[in-house]
Amino acid sequence: ARTEFPTEDFLPENPFVTASNTTLKINFPNGDLQVNDFARFRNVKSPVGGVAISTLQMSTTLNGTITDTATTIDLTDGSQFPTSGFIVIEKVNAVSGLFENEVIEYTGRSTHQLTGCTRGTSAPYRGVSPVNTTASSHSSGAKVFGCYKVVSLNETSVPSTGQPATTTRFDGINVTLTNTASGTETGGGFQCTIGPINDRG
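An account of the accompanying structure is given in this report. All values reported here derive from a predicted model rather than from experimental measurement.

Regarding the pairing of strand β7 (residues 85-89)
Argument step 1. Most of β7 is tucked away: five of the five residues are buried.
Argument step 2. Of the two faces of β7, the one holding G85, I87 and I89 and the one holding F86 and V88 are both buried throughout.
Argument step 3. As paired elements, β7 and strand β8 (residues 102-106) share five bridges and run antiparallel to each other. From the neighbouring strand, V88 faces β8, where its bridge partner is V103.
Argument step 4. Note: β7 against strand β12 (residues 143-146), three bridges, orientation antiparallel. Its bridge partner lying in β12, I89 is registered against V144.

A closer look at the nonpolar core
Argument step 1. If you look at the biggest cluster of nonpolar residues, it comprises 37 residues, and the most contacted ones within it are F16, L33, I73, I87 and I194.
Argument step 2. When residues of this core are traced back to their parent elements, those giving at least two are β3 (23-27), β4 (38-42), β7, β8, β13 (148-159) and β14 (166-176).
Argument step 3. Here this core takes three residues from β14, the largest share from any one element.
Argument step 4. Those residues in contact with I87, other than ones at most four positions away along the chain, are I73, F81, E102, V103, I104, Y106, L114, V144, F145, G146 and I197.
Argument step 5. Counting eight residues, the second-largest nonpolar core is a separate cluster that includes F86, A123, F145 and C147.

Some thoughts on the sheet that holds strand β6 (residues 73-74)
Argument step 1. Spatial strand order, β6-β10-β9: three strands in an open sheet with antiparallel pairing. The open sheet is flanked by β6 and β9 (108-110), the only strands paired with a single partner.
Argument step 2. In the sheet, β9 pairs with strand β10 (residues 113-115) via three bridges, with the strands oriented antiparallel. Its bridge partner being in β10, S110 is matched across the sheet by Q113.

Some thoughts on the pairing of β8
Argument step 1. Most of β8 sits inside the fold, with four of its five residues counted as buried.
Argument step 2. When β8 meets strand β11 (residues 118-121), the two strands line up antiparallel, connected through two bridges. Among the inter-strand pairings, V103 is bridged to a residue of β11, identified as T121.

Conventions used here
Residues numbered from 1 in each chain as written. Predicted model: local features only at pLDDT ≥ 70, side-chain atom pairs only at ≥ 80, totals over all residues. Heavy atoms only, no water. Buried < 20%, exposed > 50% of the residue type's maximum accessible area, 1.4 Å probe, protein only. Helix = DSSP H or I, 4+ residues; strand = E, 2+ residues; numbered from the N terminus. Pairing = 2+ DSSP bridges. Core = buried A, V, L, I, M, F, W, Y, C linked by side-chain atoms within 4.5 Å. Contact = heavy atoms within 4.5 Å.

See the structure below:
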C-alpha cells in the first residue's frame, strides 16, 4: 500500500495561543474542523508560552523495534503525548522509496510507554476517518508523531443582513496540552501547518 503525507493547510502567522493552563488555542479561520477530530501540527518555528516545538509537533522516536502485532510501544520520550490518542510511525520502503507509514490508536500511556495499541488504524479529520493504514514491523529509532484531539471550537457570531440575523464564523480550535504552559503568549511563527495524522492512501 502506497501512502504519502497528507494534504496540510497553512495556519495564520503565530497561530498558537497559550495561557497558564493546559488549553492551547489555535487560530485557523474557516478550518471546518470538528470536535473529536485529531490534528497534527508541523513546521512550527518557535516555542510558545514555554511549550517546546517538539511538544507542539509531538515528535519522538521508537525506543526498540516492534512487531506488526505489538500492543505496547516504547517511545524515546513520551512525556508530552496525551494519555490516549493516535500516533503515526514513519516507514520508508527501502526498495521503492515510498512511505509505508502506520497509524496506531492507543488507550493508555505510562511515562514513555504506550499501551492498549490497535494497529493499522486511522484518525478522524474534518469528521471523516480515512482508509486504515497497514500494520507492519518498525525499527528502533523510527520517527513517531502524535496528534492533538480537538476538544472545542472557537466560533464568533457575526451579524448578517438576511435570515438568520447572525451567522457563525469558525475561528479555530482548542486542544489540551499534557503539561501546563508556563505563560500567556501568542506565537509559533510563519507558515506553520495543520493536517490529519493519517496518510492518504
